[in-house]
Every structure is written in structure tokens, then in C-alpha cells.
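Each chain is listed here by its residues.
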Amino acid sequence: MNGKKTLLNKFKPGIGMSIFVLFFLPLLLFLGSWQVTRGIEKSNLVAYHDFNKSLPPILLEDLEGLAVNDRLYRNMSLKGRYLKETYFLDNRVYRQESGYEVFTPFLANNNKVFLINRGWAHKEEVKQPNKLSALKETNIEGLIAPFNRFGLSLVAVSQDSNWPKIVQELTLERVQYDLIKKYEIQPTVIHLSAGSYGAFEPVWRPSIMNPSRHYGYAVQWFGLALVLLISYIYFGYKKNK
């Protein structure tokens, strides 16, 4: 018992060091725990993506019976026609060449409009009129994905009325603003399969960070917390010598 009291009496890290540790140690533990939680969430999301992608394509008439989240990462078959409005998302580099990512609304036979990511195209390729004016009725297939922001613009977006539009950033709000007078755009994007009519070079990949990266970050945060705790104990005893 006396030995324990002696050790405690010798441990005097000082108020400043104690406040420093009391602030940063819980923060490091929180960050580590948060990364573990994110890793688990991403593992579930990857499993969800892989499972839905493995299911057979859904048809347009099956769409109404599915919740929005149940549609994500499912392959879908559509019959209809491309509209004349097209977005060229600028500054998209593929195989060290600059080009556009091409987005065109697609009017399905039930009068619903889906934004189709047709893939990457060289700037010279999209100058060919027959590549964009695919207005005849056709069947296409693609993967349903969330309508996240594509690209990034650091300046105010101009709302010009000319088509096709060259844009630095594409959002659901932008597309709804441009098309609301004519069509109601669906809140998802269909990434066109390579074999479908009107497809360019498919370059889209789901933006899901590998779960192992989150676990790696968690190890770093927990490691820093351990180093801080060991340093605190070492400093507390060394200072008293």
C-alpha cells in the first residue's frame, strides 16, 4: 500500500501537461472510434453495392414498387429516346487525354426522364452530330446510382439557355432548373453500360472509400492516443526526478 502511495506521490506531470492530455486524449479516442464506425458503414455499403449489382436488371414497370434506396446500384433496362439537351462536364481526364463526361436526359416510354451518364468522350468526338442526336427510340441498360455532385466549380454557375452546355459542375438542382419547364428529372443517375446505344467510354466508378483505409486511420488515431498516454506517464515521473 505504501509503495502505491509512493508511486502516486512521485507522479507530478503538472497542470499544463494534464490539461493538454485531458483535451487531446478523448479527441484522439473519438476520432479513432469514428473511423471504425465509418469503416463498418463502408463495409456494409460495399456489400450492398455488390449484392444489388449482381441482381438481374429491373424494368421500368418494376421501378415504382422499389424505394429509392432499393434501386441504387441495380442494373436497369429502359426503352425510349435521348433528348436533344446534353451536358459536357469539362476537364475530365482519361488515359492522359482531356475530354468531356457526357450527360444526356433520356425520355422513357412512361414519360419519366432519367439523366444518363454516357461516359467519357474526346472533345473532337462530340463534335460529330450523329454522336449526340440519337433521337430514335432505342433500348439502353445502365447502373442506377445516387445523383451526387459531378465535378467542382469555384465560380458562380451561369444559367445560359444554349445547348449543349459545357459545365464545370453538374448537380441535380442544376439539371432540374434547366429542364423543369419541360420535364421532371428523376433523382438518380444511370451510368450507361458500354454495349448500350449512345455509349461513350465508361469511366464511372462508385466513390466509396475502401473500408480498410478507415481502419488504417483508426489505428493511427489510437496509436497517437497510446503514445500520448505513455508520454504523459513518462513525463510525470521524469519531471519529479
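In what follows, the structure referred to is the one given above.
All figures in this text were calculated on a predicted structure; none of them were measured in a lab.

Draft legend 1. Molecular detail of the packing of aromatic side chains. Taken as a whole, this structure holds 5 aromatic pairs when the rule is applied. When the ring of F20 is compared with that of F24, the centres are 4.6 Å apart and the planes differ by 45°; the resulting orientation is tilted. Placement of the pair is F20 and F24 together in helix α2 (residues 15-54), with a separation of 4 residues, close to one helical turn. On the numbers, 4.9 Å between centres and 85° between planes, the contact of F23 with F24 is edge-to-face. Overall, the relative accessible area of 31% leaves F24 in the partly exposed class. Among the aromatic residues, those joined into a ring-pair cluster are F20, F23 and F24. Between the NZ or CZ atom of R118 and the centre of the ring of Y82, over which it lies, the distance is 4.5 Å.

Draft legend 2. Up close: the environment of F103. For F103, the location among the structural elements is in strand β3 (residues 97-108). With relative accessibility at 0%, the residue F103 sits in the buried group. Taking C-alpha positions, F103 is 6.6 Å from F88, a pair spaced 15 residues apart along the chain. In this view, F103 contacts E85, T86, Y87, L89, L115, I116, N117, F150, L170 and V189; residues no more than four positions away in its chain are not counted.

Draft legend 3. Quick peek at the pairing of strand β4 (residues 113-122). Buried residues dominate β4, accounting for 9 of its 10 residues. Pairing of β3 with β4 involves 9 bridges; the strand directions are antiparallel. When the bridges of β4 are listed, Y100 appears paired with A121. Here β3 hands over to β4 after 4 residues, with N111 in that stretch at a positive phi of 70°. In this structure, β4 lies alongside strand β9 (residues 185-192), joined through 4 bridges in parallel fashion. Residue pairing in the sheet places I116 in a bridge with I190 of β9.

So, how was this worked out
Residues numbered from 1 in each chain as written. Predicted model: local features only at pLDDT ≥ 70, side-chain atom pairs only at ≥ 80, totals over all residues. Heavy atoms only, no water. Phe/Tyr/Trp six-rings, centres within 6.5 Å; stacked < 30°, edge-to-face > 60°. Helix = DSSP H or I, 4+ residues; strand = E, 2+ residues; numbered from the N terminus. Buried < 20%, exposed > 50% of the residue type's maximum accessible area, 1.4 Å probe, protein only. Lys NZ or Arg CZ within 6 Å of the ring centre and 35° of its normal. Contact = heavy atoms within 4.5 Å. Pairing = 2+ DSSP bridges.

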